[in-house]
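Read off the chains here:
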Amino acid sequence: MQAAGNLAIGILGGTFDPIHFGHLRMAQELLQALDLSEVRFIPAATPPLKKQPVTSASDRAAMVLLAIANNAAFSLDERELGRSGTSYTIDTLLSLRKELGTGVSLCLLMGSDAFLGLPNWQRWQELLNYCHIIVAHRANIAPATQAMSAQLRNLWEKSVSTHAEDITKKTAGTILMQPITQLDISATRIREDLNCNISPRYLMPESVIDFIHSHRLYVSAKAATT
Ligand code: ATP
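All values derive from a computational prediction rather than experimental measurement.

The rules behind the values
Residues numbered from 1 in each chain as written. Predicted model: local features only at pLDDT ≥ 70, side-chain atom pairs only at ≥ 80, totals over all residues. Heavy atoms only, no water. Helix = DSSP H or I, 4+ residues; strand = E, 2+ residues; numbered from the N terminus. Rg over C-alpha atoms; globule rule 2.2 N^0.38 Å. Buried < 20%, exposed > 50% of the residue type's maximum accessible area, 1.4 Å probe, protein only. Contact = heavy atoms within 4.5 Å. Near = heavy atom within 4 Å. Polar contact = N/O pair within 3.5 Å; in protein donor to acceptor, adjacent residues only side chain to side chain. Areas by Shrake-Rupley, 256 points an atom, 1.4 Å probe, with all protein chains shown as cover. Core = buried A, V, L, I, M, F, W, Y, C linked by side-chain atoms within 4.5 Å. Phe/Tyr/Trp six-rings, centres within 6.5 Å; stacked < 30°, edge-to-face > 60°. Arc of directions from axis to C-beta. Axes fitted to C-alpha atoms, helices over the stretch in contact; angles between N-to-C directions. Parallel < 35°, antiparallel > 145°, perpendicular 65-115°, else oblique. Left-handed = near helix turned anticlockwise from the far one by under 90°. Nonpolar A, V, L, I, M, F, W, Y, C, P; charged D, E, K, R; others polar.

### Some words on the overall build of the protein
Part 1: Along the protein, the regular secondary structure elements total 9 helices and 7 strands.
Part 2: What you see for the protein is a C-alpha radius of gyration of 18 Å, in line with the 17 Å of a compact globule of 226 residues.
Part 3: Seen through its C-alpha atoms, the protein measures out along the principal axes to roughly 60 × 40 × 30 Å.
Part 4: In the protein, which comprises 226 residues, the proportion classed as buried is 46%.
Part 5: Taking the contacts inside the protein whose residues are at least 6 apart along the sequence as the reference set, 75% of them involve residues at least 24 apart.

Shown next as structure tokens:
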């Protein structure tokens, strides 16, 4: 890979069903800590490893757009929504590389929970050919190597760094451990709360909450009639 100059782009994939402050704060802290030029939010159409989304792709994309509206460094990238079949990250990276060329650092942002599940991803051992992997973890508690499978530990030992500047020295190939403020927020919990009429206020942007209510999302048929 060639030298990257200053341009490093963050990509944050997820179901975003719905997007919440855990996602947004992670993106913001990594944007600043790594001096990224932008962070692209890439909702999955059909996630390979999770239950199918509760809401439609267009509603999830609309919620992402509302959530990032005031941040010029954040954008919505709908390439997975326009693809048929399962949304594999490797295909997204190949498509981004085709568009952006090889002179840009691509930083795949993820929580440490997602990183530990990496060996279940399609062609996971090839991901580092196309991007860096940035593992956001709780301050002072990096993912324990004992929690990693032998294959993942092997990749981690070969590629890990704690130096943020490494991501601009080459355009792919580094696993960077980056501490962030951990917010214990999950979309699962928000969906459960909404279904029980419990407010998600202060866990996500008000604009997203308004959208959820006006489109009657995450309300079971039974709850909707009571
Ligand atoms: P669900 O509860 O439906 O599984 P989720 O809240 O984990 O959803 P996803 O859309 O699956 O959200 O997550 C996308 C990415 O965001 C993953 O890399 C995940 O590790 C990360 N992430 C999710 N919640 C948080 C959080 N609270 N803090 C930091 N990262 C998060």
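### Notes on the site of the ligand
Part 1: The environment of the ligand is formed by 19 residues, the closest being Lys50, Asp113, Leu183, Ala187 and Thr188.
Part 2: Between the ligand and the protein, one listed contact pairs a nitrogen atom with a backbone N or O atom of Leu183 at 2.7 Å.
Part 3: Take Ala187: an N or O atom from its main chain is 2.8 Å from an oxygen atom of the ligand.
Part 4: Protein coverage of the free-state accessible area of the ligand, which is 610 Å², stands at 86%.
Part 5: Broken down by secondary-structure element, the contributors of at least two residues to the shell around the ligand are strand S1 (8-14), helix H1 (21-33), strand S4 (105-111), helix H4 (112-116) and helix H7 (187-195).

### Focus on the nonpolar core
General note: in soluble globular proteins, nonpolar side chains tend to be found buried as a group.
Part 1: Among the nonpolar cores identified, the biggest contains 38 residues, and Ile19, Leu36, Val39, Phe41 and Phe74 are the most heavily contacted of them.
Part 2: Setting aside chain neighbours within four positions, we find Phe74 in contact with Leu24, Ala27, Gln28, Leu31, Val39, Phe41 and Ile68.
Part 3: Core analysis: the next-biggest nonpolar cluster, separate from the first, contains 24 residues, Leu96, Leu108, Leu118 and Ile175 among them.

### A word on the packing of aromatic side chains
Part 1: Counted by the stated rule, this structure contains 2 aromatic pairs.
Part 2: Between the aromatic rings of Phe16 and Phe41, the centroid separation amounts to 5.9 Å while the plane-to-plane angle is 50 degrees, which identifies the pairing as tilted. Of the two residues, Phe16 is situated in the loop between S1 and H1 and Phe41 in strand S2 (residues 38-43); the sequence distance between them amounts to 25 residues. Per residue, the accessibility class of Phe16 equals that of Phe41, and both read buried.
Part 3: Put simply, the rings of Phe16, Phe41 and Phe74 touch in pairs and so form one group of aromatic residues.

### Remarks on H7
Part 1: Ala187, Ile190, Asp193 and Leu194 are the residues of H7 that are buried. The arc enclosing the buried residues of H7, seen along the axis, measures out at 125 degrees, which places them on a common side.
Part 2: Packed against the buried residues of H7 are helix H8 (206-214).
Part 3: Positive backbone phi, approximately 65 degrees, marks Asn197, located one or two places after H7.

### A few points about the packing of helix H2 (residues 57-68) against H8
Part 1: Following both chains from N to C, one finds H2 and H8 inclined at 150 degrees, their axes separated by 8 Å at the closest point. The orientation of H2 with respect to H8, classified from their angle, is roughly antiparallel. As H2 runs across H8, the sense of the crossing is right-handed. Contact residues: H2 offers Asp59, Ala62, Met63, Leu66 and Ala67, while H8 offers Ser207, Val208, Phe211 and Ile212.
Part 2: Of the residues assigned to the contact of H2 with H8, the class counts are 7 nonpolar, 1 polar and 1 charged.

### A look at the side chain of Thr15
Part 1: If you trace the backbone, Thr15 turns up in the loop between S1 and H1.
Part 2: Under the relative-accessibility criterion, Thr15 is labelled buried at 10%.
Part 3: Look past the residues within four positions of Thr15 in its chain and what remains in contact with it is Pro47, Lys50, Pro53 and Arg60.

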